[in-house]
Amino acid sequence: QVQLVESGGGLVQAGGSLRLSCAASGRTVISYGMGWFRQAPGKEREFVAAITWSGVNTSYADSVKGRFTISRGNALNMVYLQMNSLKPEDTAVYYCAADPKRTVPPGTKEERYDYWGQGTQVTVSS
């Protein structure tokens, strides 16, 4: 099965930056759309950002627009989430996910994604 592994989480101060990475087994993400979701304690999992399989189109939650950037690396099995100007409310477990349906525009609903990573913790202190 498809395997996704997130990395790059950690503890940062408000206003700081982190870069999350998601590595897919094999070359799976070359042909799949990819998304990032997050879940804070006591809250539902929510959409953060997504990118089409081609890397041409992106979507962002209003809460992260202008601060977060999703991208695909030159090695197309890798996707990244650059997070700048972090706020305490960004604290959550962040998950990457793969969309075999290659939704265009990029899917913002978790139901569109069939494969999920284990998550990486991001904690932003005040």
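Further up the page is the structure itself.
Peer 1: Lay out the pairing of strand β3 (residues 18–24) in plain terms, naming residues and giving numbers.
Peer 2: For β3, the tally of buried residues reaches five of seven residues, placing the bulk of the element in the interior. Pairing analysis gives four bridges linking strand β1 (residues 4–7) to β3, with the strands arranged antiparallel. Counterpart to L4 in the pairing with β3 is A24. By the bridge criterion, six bridges tie β3 to strand β8 (residues 78–83) in an arrangement that is antiparallel. Pairing of R19 across the sheet is with Q82, part of β8.

Peer 1: Tell me about empty space enclosed by the protein, residues and numbers included.
Peer 2: All told, the structure shown has one cavity of 30 Å³ or more when counted by the stated rule. Size it by volume and the largest cavity reaches roughly 30 Å³. Looking at the largest cavity, the residues that line it are G33, M34, A50, I51, T52, D99, T103, P106, G107 and Y113. Those elements that place two or more of their residues in the lining of the largest cavity are β4 (33–39) and β5 (46–51). When grouped by side-chain class, the residues that make up the lining of the largest cavity number five nonpolar, four polar and one charged.

The rules behind each value
- Residues numbered from 1 in each chain as written.
- Predicted model: local features only at pLDDT ≥ 70, side-chain atom pairs only at ≥ 80, totals over all residues.
- Heavy atoms only, no water.
- Buried < 20%, exposed > 50% of the residue type's maximum accessible area, 1.4 Å probe, protein only.
- Helix = DSSP H or I, 4+ residues; strand = E, 2+ residues; numbered from the N terminus.
- Pairing = 2+ DSSP bridges.
- 1 Å grid on protein atoms, 1.4 Å probe; cavity = no way out; pocket = protein on both sides within 12 Å on 5 of 7 lines; lining within 4 Å.
- Points joined across faces, edges and corners; volume = space filled by probe spheres on them.
- Nonpolar A, V, L, I, M, F, W, Y, C, P; charged D, E, K, R; others polar.

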